[in-house]
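Examination of the molecular architecture
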2 protein chains.
Amino acid sequence: MRQETRDRARIADVAREAGVSKTAVSFAFNNPERLSPDTATRIRDVATSLGYRPHPVARMLTQGRTRTLGILTPQALSVVFANPFFSTFSEGVAAVAEEAGYGLFFVSPVHGSLARAVNRATVDGFVAIGLSEDHPEVEQIRRAGLPIVMVDSAAAFPEHPAVDVDDEGGARLAAGHLLALGHREFLVIGVEPPTPGAHADFGGIVGRRLKGYREELAAAGIDLADDHVVVGPASVEGGSACLAGAWEDGRRPTAVLAMSDAMAIGAINAARRLGLRVPADISVVGFDDIELSRHIEPPLTTVHQPVRRKGEEACRLLLSAIARDDSPRPDHRTLETRLIVRGSSGPAPIGKEVAGGR
Amino acid sequence: MRQETRDRARIADVAREAGVSKTAVSFAFNNPERLSPDTATRIRDVATSLGYRPHPVARMLTQGRTRTLGILTPQALSVVFANPFFSTFSEGVAAVAEEAGYGLFFVSPVHGSLARAVNRATVDGFVAIGLSEDHPEVEQIRRAGLPIVMVDSAAAFPEHPAVDVDDEGGARLAAGHLLALGHREFLVIGVEPPTPGAHADFGGIVGRRLKGYREELAAAGIDLADDHVVVGPASVEGGSACLAGAWEDGRRPTAVLAMSDAMAIGAINAARRLGLRVPADISVVGFDDIELSRHIEPPLTTVHQPVRRKGEEACRLLLSAIARDDSPRPDHRTLETRLIVRGSSGPAPIGKEVAGGR
DNA sequence: CCGGTTTAGCAAACCGGTTTAGTAAAGGTA
DNA sequence: TACCTTTACTAAACCGGTTTGCTAAACCGG
């Protein structure tokens, strides 16, 4: 049998040893005022000497709550933890959760099934990040009566509380910045969903950012053709491949709009390998503002989003949903993005612009 | 009452609706071969239509296991998640845990008490990182009959399985490298424990690395005086402050041995502000080899340790301890470190060396 | 000294499942 | 037809706590 069972002191053991009922032992811990002070003390002493601690699972069962929050992600933990973005988000969630005395459980697919993971999860509610509309688990959670806060996919689940950032506005800022620098030839580098089949789209981020780019460019009279939008894995290598591939296909952008900083950095590397100077020959603007972006050469111009605050807000919404228990109109919050101009963007190269003609 | 209770289907509901006993419903899910095929199907259909899922907590209670692993840290999650080191470690643990179908729960102090957090934790075992000898929670866990794997503090808890890296050897490599470059004037920058009182020492890392530095230097006839060892918070700012402070106190090292990359980077920044060139005037060698170190200018020479593998190994040890249930002699594993020479270390400056005289 | 209130503690029900031991009916054999 | 298996299912015990309702003793004022 399990070792745990073998040598762990149970409440009945303490009761017997102290010559009282189980009730008294329970009271000694949770309701001492219902016992005479010396009895309470005696019971607690016996408990300590036996090394008794209430079994947390049994406690959860009777109290009907776990004091645990779940962070739900459709990707394997071993991949999300490699993403500094995710860590920072978790940091935000953790800060608020710990303050409220809640623990954190990470819920990721069990042998490929997110649904099974959700069923196993002993939590009072979920914060879901990167879930796109086609995830039936959300409905499953709703039916289980557990609250869930959506992050980065408000639009797909209007009936749940949600936290988003203004992706579209941020994309507009990025595009506007490059337009103001005189650029007319753009390449957009997008992130492709990790699961090939489903056009998961990370809850719509890609669509919203693309929309922002498109509209801002359109306002300046530039129509972003489909072959000026390429996608790849959200990594440095993915970004390199995107730019290199587009170049090979004959694209000659003077400005690159990347939907992630990692890809932007990859694009810079690729540009350099093509003999281009950044930003003299080609400008690159990222998205997210990860730590690394500040440190590369040249420092990356990018759109900052408040990742940690996203986590904090999501956690707050979840806690209040748990506390209220009933759900009034779900609270949707949108956090602002802002452009951070550093060294990877500069004026459009005059010569080329002329040479490229228009 | 809790919403969960209000509208969640229980096993009894399914039983009633299907006209069978609770036992039958349980069998339909866990032991279908003990039921006639059509009864099993019917029960499952009813269950689905009612949106029934077995209550995970109840299940844990009867099965006596949680299928969850705990990662134990004496610091708040909101701080550890800011540490890329921790993320990478978690990545390793997660990879192995997910493979085995285990979930991950993060156990950090609840309102300052790690003991309470441990009591609340519904896990089958712990991986503890950064725990020093004076942590009574380890004994508490042992008495609860749960296995625990120590990371980076094997020496303090010989009775538990453990994973370490060869900190001492790595420190030797770093010091040896600088000695070979002709350096004679050293400054060691160490990390100070986050909790001021306890000289926690992160489970002995600081001591082991310092020992390595000391011995290697001693072998070259250099005695590392106490005022050539300074400590600060394990951050970029902490590193800056350390070097700046030491400089102010009259130290004039040509070589800095930092116990963390973040601090090494801080030291480089501080050196620059003092008008020193790296590595022409002063060499800096870090420890850990974080992602960022590769990207700064100049790229950091540092001691690499296999952080992700540390997580993987720790998780494997834990899983096998859980499976065996009894504990034979605890398995202690030491992973190798290696020196990565990049741009922040160079020959000792001749002029100064002469001027400094010895 | 009596009736009413407070105090201290207990037995039993409960949380929501799993598992053991057992039974009634169907099927098979002599 | 009587007897033994097998099949299909159930009642009750159990996991380890918490909580409700109750009782007996102590206390208290008149």
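Parameters and conventions
Residues numbered from 1 in each chain as written. Chains lettered and ligands numbered in written order. Predicted model: local features only at pLDDT ≥ 70, side-chain atom pairs only at ≥ 80, totals over all residues. Heavy atoms only, no water. Helix = DSSP H or I, 4+ residues; strand = E, 2+ residues; numbered from the N terminus. Rg over C-alpha atoms; globule rule 2.2 N^0.38 Å. Buried < 20%, exposed > 50% of the residue type's maximum accessible area, 1.4 Å probe, protein only. Contact = heavy atoms within 4.5 Å. Areas by Shrake-Rupley, 256 points an atom, 1.4 Å probe, with all protein chains shown as cover. Lys, Arg positive; Asp, Glu negative; His and termini not counted. Charge placed at Lys NZ, Arg CZ, Asp CG, Glu CD. Near = heavy atom within 4 Å. Polar contact = N/O pair within 3.5 Å; in protein donor to acceptor, adjacent residues only side chain to side chain. Nonpolar A, V, L, I, M, F, W, Y, C, P; charged D, E, K, R; others polar. Domains from an automatic or database assignment. Pairing = 2+ DSSP bridges. Right-handed = clockwise from strand over helix to strand, strands pointing away. Least-squares fit on C-alpha atoms with pLDDT ≥ 70 in both. Salt bridge = Lys/Arg side-chain N within 4 Å of Asp/Glu carboxyl O. Core = buried A, V, L, I, M, F, W, Y, C linked by side-chain atoms within 4.5 Å.

**A few points about the overall build of chain A**
From N to C terminus, chain A includes 15 helices and 12 strands. Here the C-alpha radius of gyration of chain A, 27 Å, is well above what a compact globule of 358 residues would show, namely 21 Å. Taking the principal axes of the C-alpha coordinates as reference, chain A spans close to 95 × 40 × 35 Å. Here chain A holds 358 residues, and the buried ones make up 56% of them. Of the contacts made within chain A by residues no fewer than 6 positions apart, 72% connect residues no fewer than 24 positions apart. Element-wise, carbon and sulfur atoms account for 54% of the exposed surface of chain A, whose accessible area totals about 15,000 Å². Looking at charge distribution, chain A has the averaged site of its 40 positive side-chain charges lying 6 Å from that of its 45 negative ones.

**Looking at the protein's contact with DNA strand C**
Around DNA strand C, 29 residues are found, and the nearest of them are Thr23 and Arg34 of chain A together with Ile11, Ser26 and Asn30 of chain B. Considering DNA strand C, the proportion of its atoms within 4 Å of the protein that are sugar or phosphate atoms stands at 52%. Contact between DNA strand C and serine 26 of chain B: a phosphate oxygen at 2.7 Å from a side-chain N or O atom of the residue. Here a phosphate oxygen of DNA strand C sits 3.4 Å away from a polar atom, N or O, in the side chain of arginine 59 of chain B. For the surface near DNA strand C, the element with the most residues is helix H3 (residues 22-30) of chain B, which contributes five residues. Split into classes, the residues belonging to the surface near DNA strand C amount to 12 nonpolar, 11 polar and six charged.

**So, the domain arrangement of chain A**
Along its sequence, chain A is carved into domain 1 (3-63), domain 2 (68-163 + 307-334) and domain 3 (167-305 + 340-356). The straight-line distance from the C-alpha centre of domain 1 of chain A to that of domain 2 of chain A is 35 Å.

**What about the pairing of strand S3 (residues 126-129) of chain A?**
Residues and elements named next belong to chain A. Side chains Phe126 and Ala128 of S3 all project onto a buried face; the interleaved residues Val127 and Ile129 project onto the opposite face, where all are buried too. Summarising the sheet, strand S1 (residues 68-72) and S3 pair through three bridges and their orientation is parallel. In the sheet register, isoleucine 71 faces S3, and the bridge partner there is valine 127. Across four bridges, the pairing between S3 and strand S4 (residues 148-151) is parallel. What sits directly across from phenylalanine 126, in S4, is isoleucine 148. Each parallel crossover has a hand, and the one from S3 via helix H9 (residues 137-143) to S4 is right-handed.

**Concerning the relation of the copies chain A and chain B**
The two copies are related by a screw motion: chain A maps onto chain B through a turn of 180 degrees and a shift of 0.1 Å along the axis, at an RMSD of 0.1 Å. Between the two chains, the operation in question is that of a two-fold axis. If distances are taken from each C-alpha of chain A to the rotation axis, the shortest is found for phenylalanine 105 of chain A, at 2.3 Å. Interface overlap between copies is the fraction of interface residues in one copy that are interface residues in the other; for chain A against chain B it reaches 98%, indicating a shared surface.

**Section: the interface of chain A and chain B**
Taken together, the contact pairs 56 residues of chain A with 56 residues of chain B. In this structure, the connection of chain A to chain B is made through zero salt bridges. Of all the elements in the fold, those that place two or more residues in the side of chain A that touches chain B are helix H1 (3-7), helix H5 (56-63), helix H6 (77-80), helix H7 (84-99), strand S2 (103-107), helix H8 (114-120) and helix H14 (307-324) of chain A. Looking at which element gives the most residues to the side of chain A that touches chain B, the answer is H7 of chain A, with seven residues. The class makeup of the residues in the side of chain A that touches chain B is 22 nonpolar, 18 polar and 16 charged.

**So, the environment of histidine 55 of chain B**
Residue and element names in this part refer to chain B. Its location among the elements puts histidine 55 in the loop between helix H4 (37-50) and helix H5 (56-63). Residue class for histidine 55 comes out partly exposed when judged on its relative accessible area of 26%. Sequence separation between histidine 55 and alanine 9 is 46 residues; the distance between their C-alpha atoms is 9.3 Å.

**Considering the nonpolar core**
Among the nonpolar cores identified, the biggest contains 88 residues, and Ile189 of chain A together with Ile189 of chain B are the most heavily contacted of them. Apart from the residues within four sequence positions on either side, isoleucine 189 of chain B is in contact with Val230, Gly239, Cys242, Leu243, Val256, Leu257, Ala258, Met259, Met263 and Ala267 of chain B. Among the nonpolar cores identified, the runner-up in size contains 58 residues, and Phe81, Phe86 and Ile129 of chain A together with Leu317 of chain B belong to it.

**Structural notes on the protein's contact with DNA strand D**
Residues in contact with DNA strand D amount to 29 residues; listed here are only the nearest, Ile11, Ser26 and Asn30 of chain A together with Thr23 and Thr39 of chain B. In DNA strand D, the atoms that sit within 4 Å of the protein are 52% sugar and phosphate, with bases accounting for the remainder. Within the contact set of DNA strand D, a base nitrogen lies 2.8 Å away from a side-chain nitrogen or oxygen of threonine 23 of chain B. At 2.9 Å from a base nitrogen of DNA strand D is found a side-chain nitrogen or oxygen belonging to arginine 34 of chain B. Those elements that provide at least two residues to the surface near DNA strand D are helix H3 (22-30) and H5 of chain A together with H3 and H5 of chain B. Broken down by element, the residue count for the surface near DNA strand D peaks at five residues, all from H3 of chain A. Grouping the constituent residues of the surface near DNA strand D by class yields 12 nonpolar, 11 polar and six charged.

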